[in-house]
Amino acid sequence: MTGGATDRGLMVISHGLESSPQALKIQWLTPLAAERGWRVIAPHYRGDASERRDLLLETIAGEAGPVALTGSSMGGIVSVM
């Protein structure tokens, strides 16, 4: 975190169906969120929507603080499942 930002919680950025954690949107959003105090992760999804949802739930399991879910295309659908 930069600029003395406090820990706001975990932000999970989910990529689209044919994308990856290296996608430009994720590379652009990650530093912006971090500057605002978010810890950011971008899981590498494979499989159908339910398999992606299961990975997302495993990723955030046990997280004690706030969790922000965001995504693009299929990643957005997974985030609201």
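The structure under discussion appears in the preceding block.
Residues numbered from 1 in each chain as written. Predicted model: local features only at pLDDT ≥ 70, side-chain atom pairs only at ≥ 80, totals over all residues. Heavy atoms only, no water.

**Student:** Teacher, can you tell me more about the nonpolar core here?
**Tutor:** Soluble globular proteins tend to pack their nonpolar side chains together in the buried interior. Among the nonpolar cores identified, the biggest contains seven residues, and these are Leu-10, Val-12, Tyr-45, Leu-56, Ile-60, Met-74 and Val-78. Only β1 (9-14), α2 (49-60) and α3 (74-80) provide two or more residues apiece to this core. Excluding its chain neighbours within four sequence positions, the residues that come into contact with Ile-60 are Leu-10, Val-12, Val-67 and Leu-69. Formed by six residues, the second largest nonpolar core is a distinct cluster that contains Met-11, Ile-13, Ala-33 and Ala-68. (Core = buried A, V, L, I, M, F, W, Y, C linked by side-chain atoms within 4.5 Å. Buried < 20%, exposed > 50% of the residue type's maximum accessible area, 1.4 Å probe, protein only. Helix = DSSP H or I, 4+ residues; strand = E, 2+ residues; numbered from the N terminus. Contact = heavy atoms within 4.5 Å.)

**Student:** I keep staring at the side chain of His-15 and nothing clicks. Help me out?
**Tutor:** On the secondary structure map, His-15 appears in the loop between β1 and α1 (24-35). Given a relative accessible area of 2%, His-15 falls into the buried group. Among the polar contacts made by the side chain of His-15, one reaches the main-chain amide nitrogen of Tyr-45 at a distance of 3.0 Å. Ignoring any residue separated from it by four or fewer positions in sequence, one finds His-15 in contact with Ser-20, Pro-21, Ile-26, Pro-43, His-44, Tyr-45, Arg-52, Ser-72, Met-74 and Gly-75. (Polar contact = N/O pair within 3.5 Å; in protein donor to acceptor, adjacent residues only side chain to side chain.)

**Student:** I'm lost on the pattern of salt bridges in this one. Help?
**Tutor:** Charged atoms that come close allow side chains of opposite charge to pair. Evaluated as defined, the whole model comprises four salt bridges. Two residues, Asp-7 and Arg-39, come together in a salt bridge whose shortest N-O distance is 3.3 Å. Here the residue Asp-7 occupies a position in the segment before β1, and Arg-39 occupies one in strand β2 (residues 38-41), the gap between them amounting to 32 residues. A relative accessible area of 33% places Arg-39 in the partly exposed class. In this structure, the salt-bridge partner of Arg-39 is Glu-63, at a minimum N-O distance of 2.5 Å. Here Glu-63 lies in the loop between α2 and β3 (67-71) and Arg-39 lies in strand β2, a separation of 24 residues in the sequence. By relative accessible area, which is 26% here, Glu-63 ends up partly exposed. (Salt bridge = Lys/Arg side-chain N within 4 Å of Asp/Glu carboxyl O.)

**Student:** Can you walk me through the pairing of β2 in this structure?
**Tutor:** One face of the sheet, then the other: side chains in a regular strand alternate in exactly this way. Relative to β2, β1 runs parallel, the two being bridged by four bridges. Opposite Val-12, over in β2, you have Ile-41 as the bridge partner. With α1 bridging β1 and the parallel β2, this β-α-β connection has right-handed handedness. (Pairing = 2+ DSSP bridges. Right-handed = clockwise from strand over helix to strand, strands pointing away.)

**Student:** I tried to follow the sheet that holds β2 on my own but got confused; where do I start?
**Tutor:** Within a sheet, adjacent strands bond to each other through the backbone by hydrogen bonds, running parallel or antiparallel. An order of β2-β1-β3 is seen for the three strands of this open sheet, with the pairing classed as parallel. Edge positions in the open sheet fall to β2 and β3, since each of these has one partner strand only. Going across the sheet, the axis of each strand differs from the next one's by a mean of 25 degrees, ignoring polarity. Relative to β3, β1 runs parallel, the two being bridged by five bridges. When the sheet's bridge partners are listed, Met-11 is paired in β3 with Ala-68. (Axes fitted to C-alpha atoms, helices over the stretch in contact; angles between N-to-C directions.)

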